[in-house]
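# Inside the fold
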Amino acid sequence: MRPSRLRLWSGALLLLLGGVLPARLSAQDPYVITGTVLDAESRQPIAGATVQVRTGATTGGTQTVTDAAGRYRLAARVPAGSYTVQFTRLGRASASRQVTLGAAREVQLEPVLLGTAVLQMEEVVVTGTGAPVARREVGNTVASVSGEAVNNAPAASSVD
């Protein structure tokens with residue numbers, strides 16, 4: 001007795017799903033990359049540093065931010081292979097580490113040290129009115145800063 005076409009197609013579909021589906025499910029299990037980010041000089045934790053997995057010249061959509069203790073836990077849904085983990089924080093030099101993801105789903109990286117970096121920021125322009133004006137009559141944001149506060153600010157000086 002010859003098998004029907006329906007049975008042949010059903011068997012082929014089962015074989016196909018049996019071979020492809022487990023591979024797709026294992027690709028969905030994330031790799032977990034953990035570690036800490038510290039200040040290069042004081043070895044104190046850095047909170048708010050961005051940690052992201054880079055694939056070649058582009059970033060994958062996988063990133064996280066360090067907590068108050070400088071710790072991060074990054075769940076990356078990427079296939080096995082070599083990646084660059086990038087560490088950035090405003091006012092800090094960036095750093096990167098190479099990581100190879102394979103059979104082990106959890107990877108612990110050595111502590112990353114970020115040094116300070118000088119940033120060129122845009123200037124702040126302050127304007128004022130020449131005559132006394134009531135705050136309610138001014139058509140913009142009003143804030144009062146005393147001359148003493150300006151002179152005592154780090155790396156600041158005031159001009160008459």
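Everything below is about the structure printed above this text.
Here's a quick rundown of the structure. (Residues numbered from 1 in each chain as written. Predicted model: local features only at pLDDT ≥ 70, side-chain atom pairs only at ≥ 80, totals over all residues. Heavy atoms only, no water.)

## With respect to the overall build of the protein chain
Helix and strand counts for the protein chain stand at two helices and eight strands. Taken from N to C terminus, the helices and strands of the protein chain fall in the order α-β-β-β-β-β-β-β-β-α. Each of the 160 residues in the protein chain was classed as buried or not, and the buried ones make up 19%. Restricting to contacts in the protein chain with at least 6 residues of sequence separation, those with at least 24 account for 51%. Carbon and sulfur atoms provide 55% of the accessible area of the protein chain, an area that totals close to 12,100 Å². (Helix = DSSP H or I, 4+ residues; strand = E, 2+ residues; numbered from the N terminus. Buried < 20%, exposed > 50% of the residue type's maximum accessible area, 1.4 Å probe, protein only. Contact = heavy atoms within 4.5 Å. Areas by Shrake-Rupley, 256 points an atom, 1.4 Å probe, with all protein chains shown as cover.)

## Some words on unusual backbone geometry
Unlike most non-glycine residues, R43 shows phi in positive territory, near 65 degrees. Tracing the backbone shows R43 in the loop between β1 (31-39) and β2 (50-55).

## Concerning the environment of Q52
Topologically, Q52 is positioned in strand β2. Accessibility expressed as a relative area gives 14% for Q52, which makes it buried. Note: C-alpha distance between Q52 and Q86 (34 residues apart in sequence) is 5.3 Å. Within the structure, Q52 has its side chain in polar contact with the side chain of Q63 (distance 2.9 Å). (Polar contact = N/O pair within 3.5 Å; in protein donor to acceptor, adjacent residues only side chain to side chain.)

## Topic: the packing of aromatic side chains
Applying the stated criterion across every chain, the model contains one aromatic pair. Sitting over the ring of Y31, R105 keeps its end group 4.1 Å from the ring centre. (Phe/Tyr/Trp six-rings, centres within 6.5 Å; stacked < 30°, edge-to-face > 60°. Lys NZ or Arg CZ within 6 Å of the ring centre and 35° of its normal.)

## Describing the nonpolar core
Residues I33, F87, L101, L109 and L114 are the most contacted members of the largest nonpolar core, which totals 21 residues. Looking at this core, the elements with two or more residues in it are β1, β2, β4 (71-76), β5 (81-88), β6 (95-101) and β8 (112-114). In this structure, L109 is in contact with I33, T34, G35, Y72, V85, F87 and V99, ignoring residues within four places of it in sequence. (Core = buried A, V, L, I, M, F, W, Y, C linked by side-chain atoms within 4.5 Å.)

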